[in-house]
Structures are given as C-alpha cells and as structure tokens.
Amino acid sequence: MKFFVDTGDFNEIKDLSETGLLDGVTTNPSLVAKSGRNFKELIADICKVVPGPVSAEVAALDYEGMVAEGNVLSKIADNVVIKLPLTLAGLKACKHFSDAGIKTNVTLCFTPNQALLAAKVGATYISPFIGRLDDINLDGVELIENIRQIYDNYAFSTEILAASIRSPNHVTQVALAGADVATMPPAVIRKLADHPLTASGLEAFSKDWKATGQSIL
Ligand code: E4P
C-alpha cells in the first residue's frame, strides 16, 4: 500500500519525504487555507521535493471553471494530479482530463455508487473519506471493502485512495480491506512506528550496552 501525506505543511512534507516512506501528497482547500501559503507556489514547492503524485484541488464548482483551473494546475509540474469533487460537473471534468492523459483524484466519495461513477470516467484515484463516515456513525472501512470488490469485479484500474484517516488503526483496516493508497495526516504517519514495547525494549538495550563500556566504531 502506498503512503501519501495529507497536509499543506511544506516543512512536514519535506521532513517525511526524507524518511523514504512517502509516495505522494494530497492537499485540499482547507489544508491550503491552514498553511497560509499561496496555493500555486505551495504546490510548486511540494512537487520539487516529492517526485510522486501531488493532488491539487480545483475551487470552481462548474465544469468550465474546473477545466480552466485544472489546466493551470496541471502546468505547475508533471506530477500534479487534478483533484475534482464527486459531483456531475466534477465527473465530467474528470472525463475531460482522463481523455487528455492528465491524472485525476475524485474526492469527497461516500458511497460505492459514487466510486463506480468515478471509475467509469477514468479517474486515476478515488478518495473515499472514511473518518467522516465514522464521525456520523457509519462504517468507513466497509466502504473501502465494497469499492474494492466492485473495482475487482469489473477490473477497473482506478486506485482506491483511502482518505480522512484519523488513526493508525484506520491504516491497518484499510490495508486489510485492499486500499491501494492511504493518505494520512503527518501525525498518523509518525505514530505508525510507535509501540511502548519498542520504546521500553530499546531503553533496556541501550542501558545494557552502555554497561559493557564498548564502542562499535
Ligand atoms: C483527502 O484527500 C482529504 O484531504 C482528507 O483526507 C480529508 O480528511 P479530514 O476528513 O480529516 O478533513
């Protein structure tokens, strides 16, 4: 499963890209607003440090506006992915960009039928928001499982990009459900490496090693 980081924080992206764990980046208008950065400059900077796919979301709500904005965003760098909302206008824009060979990420997906529509218009990625479903007492992971089965039934190549991930447990669950990608806040990626037994074990090993008085170098 590929790991994308879901943030507009350039320093976090740069730092995580140096771990070798990062396959790509997703942003959205709320994350861009939180960063306080100029959107196009931020995307250009991210694309310089991350060679993998970088999703940049259109702001327009109508087809013509989405196509115009997507054309501008796609020229920022070769690895920009145009992020489009799951509306009829967004799906039409997705078809336009798919036909032009430009990668797309259809976002704000909450049902298997919405994911089916995105695959039919050739989306590169579908972004089901699992945390927001859990927030309203529905089952976000079940959505990933259902989309996986539908895409496999018809051999769709659209990749399932599990989004709105809130915890390391979500990461395990979407990996088991067959998501192709998980996009996570930086804090969740960092927490994946943590375990109290790893920490206490390492502390004991370090103490015992110091007692030997030896040096490896
Ligand atoms: C994905 O593309 C979205 O940016 C993101 O995962 C939304 O997450 P949230 O529900 O925590 O805002």
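Just so it is clear, the structure is predicted and the values come from calculations on it, not from any experiment. Throughout, residues of each chain are indexed from 1 in the direction in which the sequence is written. Since the coordinates come from a predicted model, pLDDT governs what is reported: local features require at least 70, and pairs of side-chain atoms require 80 or more to be given and counted, while whole-chain, interface and lining totals use all residues.

This part takes up the UniProt feature "active site" (unreviewed entry) in the protein chain. Within this numbering scheme, the UniProt entry marks Lys83 as carrying the feature "active site" (unreviewed entry). Secondary structure is summarised from DSSP: a helix means a run of H or I of at least four residues, a strand means a run of E of at least two, and numbering begins at the N terminus for each. By the secondary structure assignment, Lys83 is in strand S4 (residues 80–85). Neighbour density around each residue's C-beta defines its exposure: 20 or more other C-beta atoms within 10 Å make it buried, 12 or fewer make it exposed, and counts between make it partly exposed, where C-beta atoms are placed from the backbone. Judged by local crowding, Lys83 falls into the buried class, with 25 C-beta atoms found within 10 Å. Discounting chain neighbours no more than four positions away, the residues touching Lys83 are Ser55, Ala56, Glu57, Val58, Asn105 and Thr107. UniProt positions are given in the numbering used here, feature names are shortened, and annotations may be inferred rather than shown by experiment. Distance between backbone-placed C-beta atoms decides contact: two residues are in contact if it is within 7 Å.

Another point: the packing of helix H4 (residues 63–74) against helix H5 (residues 88–99). Where H4 meets H5, the axes come as close as 9 Å, and the angle between the chain directions of the two elements is 40 degrees. Here H4 lies oblique to H5, going by the angle between them. For the element pair H4 and H5, the recorded crossing hand is right-handed. Contact residues: Tyr63, Met66, Val67 and Gly70 in H4; Ala89, Gly90, Lys92, Ala93, His96 and Phe97 in H5. Think of each axis as a best-fit line through the C-alpha atoms, taken over the contacting stretch in the case of a helix, with angles from 0 to 180 degrees between the N-to-C directions. Here the angle decides the label: under 35 degrees means roughly parallel, over 145 means roughly antiparallel, 65 to 115 means roughly perpendicular, and every other value means oblique. Helix crossings fall into two classes, left-handed where the near helix is turned counterclockwise from the far one by less than a right angle and right-handed where it is turned clockwise.

What follows covers the site of the ligand. Neighbouring the ligand are Asp6, Thr26, Asn28, Thr107, Ser127, Phe129, Gly131, Arg132, Ala163, Ser164 and Thr183. Of the residues contributing to the shell around the ligand, the split by class is 2 nonpolar, 7 polar and 2 charged. Whether a residue is near a molecule or strand depends on its C-beta atom, placed from the backbone, lying within 6 Å of it. Polarity classes work like this: nonpolar for Ala, Val, Leu, Ile, Met, Phe, Trp, Tyr, Cys and Pro, charged for Asp, Glu, Lys and Arg, and polar for all others, with Gly in that last group.

Our next topic: the pairing of strand S1 (residues 2–6). Pairing between two strands is assigned when DSSP locates at least 2 bridges connecting them. Pairing analysis gives 4 bridges linking S1 to strand S8 (residues 181–184), with the strands arranged parallel. Considered in S8, the bridge of Phe3 is made with Ala182. Sheet analysis places S1 next to strand S2 (residues 24–26), joined by 3 bridges and oriented parallel. Residue pairing in the sheet places Phe4 in a bridge with Gly24 of S2. Here is how to tell: hold the view so the strands point away, follow the path from the first strand over the helix to the second, and if it runs clockwise the crossover is right-handed. Handedness of the crossover joining S1 and S2 through helix H1 (residues 10–17): right-handed.

Turning to the pairing of strand S6 (residues 125–128), a few remarks are in order. The alternating pattern of S6 places Tyr125 and Ser127 and Ile126 and Pro128 on opposite faces, both of which are buried. As judged from the 3 bridges shared by strand S5 (residues 104–109) and S6, these two strands associate in the parallel manner. Within the sheet, the bridge partner assigned to Cys109 lies in S6 and is Pro128. You can see the chain leave S5, run along helix H6 (residues 112–120) and come back into S6, and the turn it takes is right-handed.

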